[in-house]
Amino acid sequence: MEQFDERRRGFEAKFVADQDMVFRITARRNRLVAQWAAERMKLTPAETDAYAKAVVQADFEEAGDEDVIRKLLGDLTAAGIDVDEAEVRRALDEKLIEARRQLMESR
């Protein structure tokens, strides 16, 4: 019975570690895509940093990426940038790859 308890604890620890990595990758991706959007909006470095924090925070509004997409699309459109949802989704996909690579390299 002790073997099963050890296995269960091992699986639980792996699950927690995996979930932590997913969270870190998503937060990094959101920061990177916010920097992409900030560059397009020609924000200053200080504004870019604040904007990146706002985009990361926006991801906590609901499950999934829709809250982040809505924020980015709304902000870019409000800034007069010609962008569509497909372009924002493409940027999210590209930045997800970059975020994974950055976190794997930092290990």
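Everything numeric here is computed off the predicted structure, so don't read it as measured data.

Draft legend 1. Quick peek at the nonpolar core. By size, the foremost hydrophobic cluster in this structure holds 18 residues, and its most contacted members are Ala 37, Tyr 51, Leu 72 and Leu 76. Those elements giving two or more residues to this core turn out to be helix H1 (2–40), helix H2 (45–58), helix H3 (66–78) and helix H4 (85–105). Considering each element in turn, this core owes the most residues, 5 residues, to H1. Ignoring sequence-local partners within four residues, the contact set of Tyr 51 consists of Ala 34, Ala 37, Ala 38, Met 41, Leu 43, Lys 71, Leu 72 and Asp 75. In this structure, Met 21, Leu 32, Ala 99 and Leu 103 belong to the second largest nonpolar core, which totals 5 residues.

Draft legend 2. Molecular detail of H4. For H4, with 21 residues, the first-to-last C-alpha span of 30 Å sits near the 30 Å given by 1.5 Å per residue. Among all positions of H4, only Val 88, Ala 91, Leu 92, Lys 95, Ala 99 and Leu 103 are buried. Each buried residue of H4 lies within a common arc of 105° when the element is viewed along its axis, so the set occupies one face. Opposite its buried face, H4 presents the exposed residues Asp 93 and Glu 105, each directed more than 90 degrees away. Among the structural elements, H1 and H3 are those in contact with the buried residues of H4.

Calculation criteria
Residues numbered from 1 in each chain as written. Predicted model: local features only at pLDDT ≥ 70, side-chain atom pairs only at ≥ 80, totals over all residues. Heavy atoms only, no water. Core = buried A, V, L, I, M, F, W, Y, C linked by side-chain atoms within 4.5 Å. Buried < 20%, exposed > 50% of the residue type's maximum accessible area, 1.4 Å probe, protein only. Helix = DSSP H or I, 4+ residues; strand = E, 2+ residues; numbered from the N terminus. Contact = heavy atoms within 4.5 Å. Expected span 1.5 Å × (residues − 1). Arc of directions from axis to C-beta.

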